[in-house]
Amino acid sequence: MIPPGIWRFADRLPLADPRHAVSLGEGGTPLLDVTDALGLPAGVTVHVKAEHLNPTGSFKDRIAAVALSLVRERSLRGVVGTSSGNGGAAAAAYGARAGRPVVLLALATAPPEKLVQIRSAGARVHLTDGLGHDPHTTLRVAEQVRAAAGRHGWLALLTGGRYAPEIMYGARTIAYELAEQAPDATHVYAPIGGGGLYASLWRGYRDLGGAVPRLVAVQPSGCPTVRDALAGGPGVLAEPSTTGISGLQVATLFDDDVPAAVAGSGGHLTEVTDERVAAAHARLVRLGVSVEPAGATALAGLLDDADAGRLPAGARVVLVATGAGWKDVHALSSLAGPGPLPHGAADLEELLA
Ligand SMILES: Cc1ncc(COP(=O)(O)O)c(C=O)c1O
């Protein structure tokens, strides 16, 4: 049986035979209407594409599912990759399911929850100083991983079109689903780390041949690689990134199609401060949409655009919520309020009055 989710689009994925699919239930995520909670001008609608509800808690499951399926189909030995945590957690789970080893070089600053998720599934992980934050280290390690994977018969999990175009087909399925779920969307806001997600949305919409919504790239101002790429540069920072947002600390673009996606979709770049992301994070979590900060970055961009008068009347907006709240308990804790919790017999009369 061919599993549902991303495998509904098997004819668009790079597998020769979908019976090799390695699935944990990825894709098919819901679209949540949050219009009523945001106080935007009448006529504007906002939906959240709930990618944090994927099996390991992020959109990277779509990519890892394709990766491990290719490993199985091509009798490769395993997966080796770099990760800020989520791609690694996805690879670890799908590697476990496929019975293949997974070796990861992870950001030394990765949240402990993501590292536990990786290790508990049985993957090997090495923390790598400078990876993500420092552009030269990030580029060097990515090249080393790609080369070593090739030498040893492993698949490289570097989640951007520059390094691993085949596995990125998995992320295009978000656009395929959105074209069905929100066919009249005018704007899709997505966070940018290495840019693989954003460029995959563009490629996915183009595959379908229909109208492409404006794709808005939302990036922390402490990691302005897209600003550099849109100015004709290589999309590489001159200095280490300064954002604290896990998943978005990538000092070099991993996907060369980001400028084409901005121009071709009529989209734009919105840079946001970490403080604005924290405010957007609080708003989503307090709506019951429990995402990690990177998963609230699209909302931060939307709210900044609305404040700046950049949001047209009647816009029908989709925000891509990329990762789950439990992946970064430290960020959630600031919303949980100070302890200690009241303990002992509760005075229900007072609590419910
Ligand atoms: C939760 C989350 N959101 C967004 C991103 C950014 O995705 P990309 O690197 O494809 O731009 C990542 C990447 O790790 C992530 O983990």
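Each value, and the rule that gives it
- Residues numbered from 1 in each chain as written.
- Predicted model: local features only at pLDDT ≥ 70, side-chain atom pairs only at ≥ 80, totals over all residues.
- Heavy atoms only, no water.
- Helix = DSSP H or I, 4+ residues; strand = E, 2+ residues; numbered from the N terminus.
- Rg over C-alpha atoms; globule rule 2.2 N^0.38 Å.
- Buried < 20%, exposed > 50% of the residue type's maximum accessible area, 1.4 Å probe, protein only.
- Contact = heavy atoms within 4.5 Å.
- Axes fitted to C-alpha atoms, helices over the stretch in contact; angles between N-to-C directions.
- Parallel < 35°, antiparallel > 145°, perpendicular 65-115°, else oblique.
- Left-handed = near helix turned anticlockwise from the far one by under 90°.
- Nonpolar A, V, L, I, M, F, W, Y, C, P; charged D, E, K, R; others polar.
- Domains from an automatic or database assignment.
- Buried area = accessible area lost by both parts, 1.4 Å probe.
- Polar contact = N/O pair within 3.5 Å; in protein donor to acceptor, adjacent residues only side chain to side chain.
- Pairing = 2+ DSSP bridges.
- Near = heavy atom within 4 Å.
- Areas by Shrake-Rupley, 256 points an atom, 1.4 Å probe, with all protein chains shown as cover.

Enquirer: If you had to explain the overall build of the protein to someone new, which residues and values would you point to?
Expert: Helix and strand content of the protein: 13 helices and ten strands. In terms of C-alpha radius of gyration, the protein reaches 20 Å, essentially the compact-globule figure of 20 Å for 353 residues. C-alpha extents for the protein along the principal axes are approximately 65 × 55 × 50 Å. Counting only residues that meet the buried cut, the protein has 56% of its 353 residues in that class. Counting only contacts in the protein whose residues sit at least 6 apart along the sequence, the fraction spanning at least 24 positions is 72%.

Enquirer: Describe the packing of helix 2 (residues 60-73) against helix 6 (residues 169-181), naming the residues involved and giving the relevant values.
Expert: Between helix 2 and helix 6, the least distance of the axes is 6 Å, while the angle of their chain directions is 130°. One finds that helix 2 runs oblique with respect to helix 6. Of the two elements, helix 2 crosses helix 6, and the hand of that crossing is right-handed. Every residue of helix 6 that contacts helix 2 at Arg62, Ile63 and Val66 is listed here: Gly170, Ala171, Thr173, Ile174 and Glu177. Within the contact of helix 2 with helix 6, the residues separate by chemical class into four nonpolar, two polar and two charged.

Enquirer: Before we move on, can you summarise the domain arrangement of the protein with the specific residues and values?
Expert: Split into domains, the protein comes out as domain 1 (5-57 + 167-335) and domain 2 (60-157). With centres defined by C-alpha atoms, the gap from domain 1 to domain 2 works out at 21 Å. At the junction of the two partners, domain 1 supplies 48 residues and domain 2 supplies 37 residues. In total, about 3200 Å² of surface goes out of reach between domain 1 and domain 2, with carbon and sulfur atoms giving 60% of it. If you sort the residues of domain 1 by the area they bury against domain 2, Val22, Ile167 and Lys327 come out on top, with a joint share of 24%. Counting the contacts that link domain 1 with domain 2 gives 21 residue pairs in polar contact (both at pLDDT 80 or more). Mapped onto the side of domain 1 that touches domain 2, the elements with two or more residues apiece are helix 6 and helix 12 (329-336). With five residues, the top contributor of residues to the side of domain 1 that touches domain 2 is helix 6. Class assignment of the residues belonging to the side of domain 1 that touches domain 2 gives a composition of 22 nonpolar, 16 polar and ten charged.

Enquirer: Just give me the short version of the sheet that holds strand 6 (residues 155-157), but keep the residues and values in it.
Expert: A sheet is described by the order of its strands in space; here four strands give the open sequence 5-4-3-6, paired in parallel fashion. Edge positions in the open sheet fall to strand 5 (124-128) and strand 6, since each of these has one partner strand only. The sheet shows a mean angle of 15° between the axes of neighbouring strands, direction not considered. Bridge analysis of strand 3 (residues 79-83) against strand 4 (residues 102-107) gives five bridges, and the strand direction is parallel. If you follow threonine 82 over to strand 4, its bridge partner there is leucine 105. Packing of helix 2 onto the sheet brings it into contact with strand 3 and strand 6, and relative to strand 6 it is tilted by some 175°. Against the sheet, helix 4 (residues 112-120) makes contact with strand 4 and strand 5, and its axis sits at roughly 150° relative to strand 5, the strand it touches most.

Enquirer: Any details on the site of the ligand? Residues and values, ideally.
Expert: Close to the ligand lie 17 residues, the nearest being Asn86, Gly193, Gly195, Leu197 and Thr322. Taking asparagine 86, its side chain carries an N or O atom lying 2.7 Å from an oxygen atom of the ligand. Leucine 197 has a polar backbone atom sitting 2.8 Å from an oxygen atom of the ligand. If the ligand stood free it would expose 390 Å²; the protein chains cover 97% of that surface. Classifying every residue of the shell around the ligand gives six nonpolar, nine polar and two charged. Residue assignment places the shell around the ligand across two domains, with domain 1 (5-57 + 167-335) and domain 2 (60-157) each supplying three or more.

Enquirer: Can you tell me about the packing of helix 10 (residues 274-285) against helix 12, naming the residues and giving the values?
Expert: Where helix 10 meets helix 12, the closest approach of the two axes is 11 Å, and the angle between their N-to-C directions is 75°. Considered as vectors, helix 10 and helix 12 are oriented roughly perpendicular to each other. Residues His281, Ala282 and Val285 of helix 10 lie in contact with helix 12, whose contacting residues are Ala331, Leu332 and Leu335. When the residues that make up the contact of helix 10 with helix 12 are grouped by side-chain class, the tally is five nonpolar, one polar and no charged.

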